[in-house]
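Structure assessment
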Amino acid sequence: MTRAAMRVLKRVLAATVVWTVLGAGAVGAEWRSWCGDEGSGASLGWHFYCDRQEEPELAEPVPPPPSQGPAQSATERIEAMRKALEKARAEAILDPTSENVTAYLRLQQETLQRAAAFSDAFRRTVWATPELDYTLRRPVGALAKQVWSDGRREDRDRALARLGERYGLIYLGHAGCAGCKVFGPLLRAFAKRHNLDVLAVSLTGEALEGWPEAVPDQGRAARLGLGNSPVPALVLFDTQTKRVVPVGFGVMAEDQMAERIFALTALEPGHDY
């Protein structure tokens, strides 16, 4: 055996010793994990180098869906619809393209449809729920309104017929008042028709149109708290509470006087509304 052969043999024996000391399984496992399956039987040799296979990347976890938050209230939804409609309208005005105008009209149509649905549901509910139907108290139909008006007139006349049991009427005017010249005769006819007693007071001491028996003021208006009131003035005096209840100032028609006196003396506040 030549010297060169002897040197190669020594190197092989040294490598065999290293292999034995470190453990063939550990070393083999290291390069087998790089270069192939351990059970494949492939012998790559001591000095064979191969590229390490990249470790498979773990799939990124799927993020949870974003939280939707609490559901919008009805008020918030209405406000969002209003803002969307206003925005679409503004865009259509500033940039009146076919697309912008169409978008606005579609939103408007949707809003109108919602309003129509509400209006229809509203009237159906009122029809089916008498206690919610205001027209049963104040009718709007021609026939029903006539029936209501007739009944109202009868109630009003009965109240006026009993007015003197508790209330007195006081009329304030003066001879130079243009309105008094018109209102005085109207009040005389009204009082006669309903058999009412009226105390006519002349602020200037002169006779009043339609009321020749008017008495001079002599401080009466001031005592009633009406010293600076405009004329003509018509007030009720409540004999039970000793209070003055103004009926009205200025010229009033008979129906207007009758309705006001009836409301002030026979109806509770809020009855008609």
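To start, this report covers the structure provided alongside it. (Residues numbered from 1 in each chain as written. Predicted model: local features only at pLDDT ≥ 70, side-chain atom pairs only at ≥ 80, totals over all residues. Heavy atoms only, no water.)

Section: the overall build of the protein chain
Tallying secondary structure elements over the protein chain gives eight helices and five strands in all. When its helices and strands are written in sequence order, the protein chain yields α-α-α-α-α-β-α-β-β-α-β-β-α. Put simply, the protein chain has 273 residues, and 20% of those count as buried. The long-range share in the protein chain, meaning contacts at least 24 apart out of those at least 6 apart in sequence, stands at 55%. By element, 57% of the accessible surface of the protein chain is carried by carbon and sulfur atoms, the whole surface being about 20,100 Å². (Helix = DSSP H or I, 4+ residues; strand = E, 2+ residues; numbered from the N terminus. Buried < 20%, exposed > 50% of the residue type's maximum accessible area, 1.4 Å probe, protein only. Contact = heavy atoms within 4.5 Å. Areas by Shrake-Rupley, 256 points an atom, 1.4 Å probe, with all protein chains shown as cover.)

Here's the deal with the sheet that holds strand β3 (residues 215-216)
Spatially, five strands are ordered β3-β2-β1-β4-β5 in an open sheet, and the strand pairing comes out mixed. Edge positions in the open sheet fall to β3 and β5 (243-249), since each of these has one partner strand only. Two elements, strand β4 (residues 233-238) and β5, share six bridges in a ladder whose sense is antiparallel. Considered in β5, the bridge of Phe-237 is made with Val-244. Running at roughly 160 degrees to strand β1 (residues 167-173), helix α6 (residues 178-193) makes contact with β1, β2 (198-202) and β4 of the sheet. (Pairing = 2+ DSSP bridges. Axes fitted to C-alpha atoms, helices over the stretch in contact; angles between N-to-C directions.)

A short note on the side chain of Ser-202
Considering the arrangement of structural elements, one finds Ser-202 in strand β2. Other than its neighbours up to four places away in sequence, Ser-202 contacts Gly-173, His-174, Leu-208, Ala-214, Val-215, Pro-216 and Asp-217.

A few points about the environment of Gly-168
Relative to the elements of secondary structure, Gly-168 occurs in strand β1. Counting along the chain gives 30 residues from Gly-168 to Val-198, while the straight-line C-alpha distance between them is 6.9 Å. Not counting chain neighbours up to four residues away, the residues in contact with Gly-168 comprise Val-235, Leu-236 and Phe-237.

Let's talk about the packing of helix α3 (residues 74-94) against helix α4 (residues 98-128)
Packing of α3 against α4 leaves a shortest axis separation of 8 Å and a crossing angle of 150 degrees. Here α4 runs roughly antiparallel to α3, going by the angle between their axes. The two elements α3 and α4 cross, and the hand of that crossing is left-handed. The residues of α4 that touch α3, namely those facing Met-81, Ala-84, Leu-85, Ala-88, Arg-89, Glu-91 and Ala-92, are Asn-100, Val-101, Tyr-104, Leu-107, Gln-108, Thr-111 and Arg-114. Of the residues belonging to the contact of α3 with α4, the class tally is eight nonpolar, three polar and three charged. (Parallel < 35°, antiparallel > 145°, perpendicular 65-115°, else oblique. Left-handed = near helix turned anticlockwise from the far one by under 90°. Nonpolar A, V, L, I, M, F, W, Y, C, P; charged D, E, K, R; others polar.)

Structural notes on the packing of aromatic side chains
Under the definition given, this model contains three aromatic pairs. Both rings, one in Phe-118 and one in Phe-122, keep their centres 5.9 Å apart while their planes meet at 55 degrees; by these two values the pair is tilted. Of the two residues, Phe-118 and Phe-122 both sit in helix α4, four residues apart, roughly one turn of that helix. Taking the centre distance of 5.7 Å and the plane angle of 65 degrees together, the rings of Tyr-171 and Phe-183 count as edge-to-face. With Tyr-171 in strand β1 and Phe-183 in helix α6, this residue pair connects regions lying twelve residues apart in the sequence. Each member of the pair, Tyr-171 together with Phe-183, is buried. Grouped by ring-pair contacts, the aromatic residues Tyr-171, Phe-183 and Trp-211 constitute a single cluster. Over the ring of Trp-211 we find Arg-188, and its NZ or CZ is 3.9 Å from the ring centre. (Phe/Tyr/Trp six-rings, centres within 6.5 Å; stacked < 30°, edge-to-face > 60°. Lys NZ or Arg CZ within 6 Å of the ring centre and 35° of its normal.)

Points about α6
For α6, built from 16 residues, the straight-helix expectation of 22 Å at 1.5 Å per residue is met to within 8% by its first-to-last C-alpha distance of 24 Å. Taken as a whole, α6 has its buried residues at Cys-180, Phe-183, Gly-184, Leu-187, Phe-190 and Ala-191. Against α5 (142-161), β1, β2, β4 and α8 (254-266) lie the buried residues of α6. Just downstream of α6 lies Asn-195, where phi reads positive at about 55 degrees. (Expected span 1.5 Å × (residues − 1).)

Regarding the nonpolar core
Leu-169, Tyr-171, Leu-187, Phe-190, Trp-211 and Leu-234 are the most contacted members of the largest nonpolar core, which has 25 residues in total. Mapped by element, the contributors of at least two residues to this core are β1, α6, β2, β4, β5 and α8. In terms of residues, this core owes the most to one element, α6, which gives five residues. Ignoring any residue separated from it by four or fewer positions in sequence, one finds Leu-169 in contact with Leu-163, Leu-196, Asp-197, Val-198, Leu-199, Leu-234, Val-235, Leu-236 and Ile-261. Counting seven residues, the second largest nonpolar core, distinct from the first, contains Val-201, Ala-221, Ala-233 and Val-235. (Core = buried A, V, L, I, M, F, W, Y, C linked by side-chain atoms within 4.5 Å.)

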